[in-house]
Amino acid sequence: MTENEKRGSLPGLTGLIAGAFVILGVFLWMFVSKGLLFVAGLGAFGPGILRELGWLGDQDEFQRQAAHRAGYHAFLVGGLATVLAYSALEWWEETLPVSSEWVLLILIVLWLTCLFSALLGYWGARKTAARVLLVFGSFWALFVLANVVTEATTNRDFGAAAIGALMGTLIVGPFFILAWAAGRWPRTAGFLLLAVSVFFLFFFAPHGAFQWSTVLVRDSLLMVPLAASGLALLREAPEDAPA
């Protein structure tokens, strides 16, 4: 299989199982118990540990190089984030027990850095951005659909359900449009992704009393994937060059 064919291929069975664990763990963390985040950790870090122990041999040399490079990138970015968080806490004369979200923030930074570095090295910027946007759009669509169904069936408020569906379309639509545009006009899509990230930064800006750890965790989950995809697309070839 050539490198281009590898870049276009979907994850293998191990990657799909790991991804399912991550998604399940995130939903359990959000809706059942914060202590169940370890399920997502098994999916995010388990396969790599098994590979390094020699118990899992599902990667070829190309994939292993991408994974090792991603791990080094995660070490650099995660280390810097840890030092900045520690310095901020000391500056404010706070300690980590004030909020476990500081620890969660470091985990998110480590995992997102490793994930995006591996995906960009394996799929390239265009396919990575398109697939990330499809995943984001699908998640938003599920939440919008759940809200609309709740308003329509539980609260019997069909007007609110209609407004929710309209607003949801305005939120979800751009993700799918940009996913389609990423493979055709990468630099334009990259610029728009950065613009969307800046918009979200102001749209979700905290008001009143808040904890910085909560804000940073939320913003990392919402905007880092979009901004990272946008920056990667801006480095792509001119719009008329083939993918």
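Residues numbered from 1 in each chain as written. Predicted model: local features only at pLDDT ≥ 70, side-chain atom pairs only at ≥ 80, totals over all residues. Heavy atoms only, no water.

Participant: Mind showing me how you'd approach the overall build of the protein here?
Facilitator: Along the backbone of the protein there are nine helices and zero strands. In the protein, the order of α-helices and β-strands from amino to carboxyl end is α-α-α-α-α-α-α-α-α. For the protein, restricting intrachain contacts to residue pairs at least 6 apart in sequence, the fraction spanning at least 24 positions comes to 74%. A total accessible area of about 14700 Å² is found for the protein, and carbon and sulfur atoms account for 72% of it. (Helix = DSSP H or I, 4+ residues; strand = E, 2+ residues; numbered from the N terminus. Contact = heavy atoms within 4.5 Å. Areas by Shrake-Rupley, 256 points an atom, 1.4 Å probe, with all protein chains shown as cover.)

Participant: Hey, could you run me through the layout of surface pockets in this one?
Facilitator: Left-over empty space is what a probe sized like a water molecule reveals as it rolls over the atoms. In this structure, the second largest pocket spans a volume of roughly 700 Å³. In terms of lining, the second largest pocket is formed by 25 residues, of which the most central are Val77, Thr113, Val224, Ala228 and Leu231. Contributing elements (two or more residues each) for the lining of the second largest pocket: helix H4 (61-91), helix H5 (101-123) and helix H9 (212-234). The biggest single contributor to the lining of the second largest pocket is H5, with nine residues. Residues of the lining of the second largest pocket, tallied by class, amount to 18 nonpolar, four polar and three charged. (1 Å grid on protein atoms, 1.4 Å probe; cavity = no way out; pocket = protein on both sides within 12 Å on 5 of 7 lines; lining within 4 Å. Points joined across faces, edges and corners; volume = space filled by probe spheres on them. Nonpolar A, V, L, I, M, F, W, Y, C, P; charged D, E, K, R; others polar.)

Participant: Where do I start with the packing of H4 against H5 in this structure?
Facilitator: Between two packed helices, what matters for the description is the angle formed by their axes and the separation of those axes. At a closest axis distance of 7 Å, the pairing of H4 and H5 adopts a crossing angle of 150°. Taken together, H4 and H5 sit at an angle that is classed as roughly antiparallel. Here H4 runs over H5; the crossing is right-handed. Of the residues that constitute the contact of H4 with H5, the class distribution is 15 nonpolar, eight polar and one charged. (Axes fitted to C-alpha atoms, helices over the stretch in contact; angles between N-to-C directions. Parallel < 35°, antiparallel > 145°, perpendicular 65-115°, else oblique. Left-handed = near helix turned anticlockwise from the far one by under 90°.)

Participant: What exactly am I supposed to notice about the packing of aromatic side chains here?
Facilitator: What describes a pair of aromatic rings is the distance from one ring centre to the other and the angle between the planes of the rings. For the structure shown, the criterion picks out three aromatic pairs. Note on Tyr72 and Phe75: the rings are 6.4 Å apart at their centroids and 25° apart in plane angle, and the pair reads as stacked. Taken together, the positions of Tyr72 and Phe75, both in helix H4 and three residues apart, correspond to about one turn of that helix. By relative accessible area, Tyr72 is classed as partly exposed at 49%. The exposure class assigned to Phe75 is exposed, which follows from its relative accessible area of 59%. One cation-aromatic arrangement involves Lys34 over Trp29; the distance from NZ or CZ to the ring centre is 4.2 Å. Over the face of the ring belonging to Trp123 we find Arg131, whose NZ or CZ atom lies 4.4 Å from the ring centre. (Phe/Tyr/Trp six-rings, centres within 6.5 Å; stacked < 30°, edge-to-face > 60°. Buried < 20%, exposed > 50% of the residue type's maximum accessible area, 1.4 Å probe, protein only. Lys NZ or Arg CZ within 6 Å of the ring centre and 35° of its normal.)

Participant: Would you take a moment to explain the nonpolar core for this structure?
Facilitator: In globular proteins that are soluble, nonpolar side chains generally tend to be buried together. Among the nonpolar cores identified, the biggest contains 31 residues, and Leu133, Phe175, Leu193, Leu226 and Leu233 are the most heavily contacted of them. Secondary structure elements with two or more residues in this core: H4, H5, helix H6 (125-154), helix H7 (158-182), helix H8 (186-203) and H9. (Core = buried A, V, L, I, M, F, W, Y, C linked by side-chain atoms within 4.5 Å.)

Participant: So what exactly am I meant to see when it comes to the packing of helix H2 (residues 13-31) against helix H3 (residues 38-52) here?
Facilitator: Look at H2 against H3: their axes get within 5 Å of each other, and the N-to-C directions meet at 150°. With respect to H3, the axis of H2 lies roughly antiparallel. Here Thr14, Ala18, Phe21, Val22, Leu24, Gly25, Val26 and Leu28 of H2 come into contact with H3, specifically with Val39, Ala40, Leu42, Gly43, Ala44, Pro47 and Arg51. Residue composition of the contact of H2 with H3, by class: eleven nonpolar, three polar and one charged.

Participant: Would you take a moment to explain the side chain of Ser117 for this structure?
Facilitator: Looking at where Ser117 falls in the secondary structure, it is placed in helix H5. Among the polar contacts made by the side chain of Ser117, one reaches the side chain of His73 at a distance of 2.7 Å. (Polar contact = N/O pair within 3.5 Å; in protein donor to acceptor, adjacent residues only side chain to side chain.)

Participant: Sorry, what's going on with H3 here?
Facilitator: An α-helix turns once per 3.6 residues; consequently, residues spaced three or four apart project the same way. Relative to the 21 Å expected for 15 residues at 1.5 Å per residue, H3 spans 20 Å between its end C-alpha atoms, a close match to the ideal helical length. Of all bends in H3, the biggest is about 40°, found at Phe45, and the proline Pro47 comes one to four residues later. Immediately downstream of H3, the backbone of Gly54 shows phi near 85°, a positive value. (Expected span 1.5 Å × (residues − 1). Bend = angle between axes of the 7 residues up to and from the residue.)

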